[in-house]
Amino acid sequence: FNRHQRKVSLEGEAYFEVASSQDNPFTVNTPHARIKVTGTAFNVNAYPSSPLFETVLAEGKIELQLKSGSTESLDMEPNQRIIFNSINKEFDIDQVEAEIFTAWRNGEIIFRDATLNDLIKELERIYDIEFHMQPANLGQLRFRGMFSYNNNLIEALEKIKRTSKVNYYIENKEVWLKKSN
């Protein structure tokens, strides 16, 4: 940063707590959007390999300009989440509990009424491992709980096993989940 500009470029996920400055806004540029703030706390998920961009506002206010060809800006309020699909250029705005989307910075993942598919997506990203399910509709099972990054994959799998009658085995950096009888 310098005294006149506070700008960052982001590819990945980051949580920002920005000191207030009306004269010197903070700007985050991602492949899918530009976020402008004067003082706030927010999470941005902008992986270059994903067509989805997501931002969640924890406190304050942000101005979001999606890179969709439109010059329209969106103003966000606390506990709002915007998901933008860069393929079809559509976006959704949801009311959420910001804590669920920002807990990762404390080494936690919180799930409230999430599907097994949602859990697997996060576990694959965190542990760099591939999951398979038998039957495929196993992914529709719903979960509520918390996983800690500090724990290992086995502890997460054991939580899933205890709460859902799903067995697992690991082979060559792949996890197989099967419904137990």
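What counts, and where the lines are drawn
- Residues numbered from 1 in each chain as written.
- Predicted model: local features only at pLDDT ≥ 70, side-chain atom pairs only at ≥ 80, totals over all residues.
- Heavy atoms only, no water.
- Pairing = 2+ DSSP bridges.
- Helix = DSSP H or I, 4+ residues; strand = E, 2+ residues; numbered from the N terminus.
- Axes fitted to C-alpha atoms, helices over the stretch in contact; angles between N-to-C directions.
- Contact = heavy atoms within 4.5 Å.
- Salt bridge = Lys/Arg side-chain N within 4 Å of Asp/Glu carboxyl O.
- Buried < 20%, exposed > 50% of the residue type's maximum accessible area, 1.4 Å probe, protein only.
- Core = buried A, V, L, I, M, F, W, Y, C linked by side-chain atoms within 4.5 Å.
- Phe/Tyr/Trp six-rings, centres within 6.5 Å; stacked < 30°, edge-to-face > 60°.
- Lys NZ or Arg CZ within 6 Å of the ring centre and 35° of its normal.

A. Fine view of the sheet that holds strand E10 (residues 130-134). If you trace the 3 strands from one edge of the open sheet to the other, you get E10-E13-E12, paired in mixed fashion. Bordering the open sheet on either side are E10 and strand E12 (166-171), each of which pairs with just one other strand. For this sheet, the mean inter-axis angle between neighbouring strands, taken without regard to orientation, is 20°. Pairing geometry for E12 and strand E13 (residues 174-179), over 6 bridges, is antiparallel. Counted as the bridge partner of Tyr169 is Trp176 from E13. Contacts from helix H3 (residues 153-164) reach E10, E12 and E13, with the element oriented near 155° to E12.

B. Representation of the pattern of salt bridges within the structure. On inspection of all chains with the given rule, the structure shows 9 salt bridges. Residue Arg125 is joined to Glu13 by a salt bridge in which the shortest nitrogen-to-oxygen separation is 3.8 Å. Here Glu13 lies in strand E2 (residues 12-18) and Arg125 lies in helix H2 (residues 116-127), a separation of 112 residues in the sequence. Across the salt bridge formed by Arg81 and Asp94, the nearest N and O atoms sit 2.9 Å from each other. Taken together, the residues Arg81 in strand E7 (residues 80-85) and Asp94 in strand E8 (residues 90-95) connect sequence positions 13 residues apart. Of the residues examined, Arg81 reaches a relative accessible area of 17% and is grouped as buried. Residue Asp94 is classed as partly exposed on the basis of its relative accessible area, which comes to 26%. Residues joined in a network through salt bridges with shared partners are Glu13, Glu122 and Arg125.

C. The nonpolar core, seen in detail. Judged by nonpolar contacts, the single largest core of 21 residues is most densely connected at Phe16, Ile35, Phe42, Val44, Phe53 and Leu64. Listing elements by their share of this core, those giving two or more residues are E2, strand E3 (26-29), strand E4 (33-46), strand E5 (52-66), strand E6 (73-76) and E7. Apart from residues no more than four positions distant in its own chain, Ile35 is found in contact with Phe26, Thr27, Val28, Phe42, Val44, Phe53, Thr55, Ile62, Glu63 and Leu64. Ranked by size, the runner-up nonpolar core spans 19 residues in total, among them Ala114, Leu138, Leu157 and Val166.

D. A look at the side chain of Gln80. Relative to the elements of secondary structure, Gln80 occurs in strand E7. For Gln80, a relative accessible area of 14% corresponds to the buried category. Residues in contact with Gln80, not counting those within four places in the same chain, are Thr55, Val56, Leu57, Asp75, Ile93, Asp94, Gln95 and Val96.

E. Examining unusual backbone geometry more closely. The omega torsion of the bond from Gln134 to Pro135 falls at -5°, within 30 degrees of zero and hence cis. Among the secondary structure elements, Pro135 is positioned in the loop between E10 and strand E11 (142-148). If you check the backbone angles, Asp113 has positive phi at about 55° while not being a glycine. With respect to the helices and strands, the residue Asp113 is situated in strand E9 (residues 108-115). Positive phi, close to 50°, is recorded for Asp128, a residue that is not glycine. Here Asp128 shows up in the loop between H2 and E10. The class for Asp128 is exposed, based on a relative accessible area of 56%.

F. Looking closely at the packing of aromatic side chains. As enumerated under the stated definition, the model contains 3 aromatic pairs in all. With a centroid separation of 5.4 Å and an interplanar angle of 55°, the aromatic rings of Phe16 and Phe26 are classed as tilted. Taken together, the positions of Phe16 in strand E2 and Phe26 in strand E3 put the pair 10 residues apart, joining distant regions of the chain. Phe26 shares its class with Phe16; the two are buried. One aromatic cluster is present, formed by Phe16, Phe26 and Phe42 through successive ring pairs. Here the guanidinium or amino end of Arg105 rests over the ring plane of Tyr15, the centre of that ring lying 4.0 Å away.

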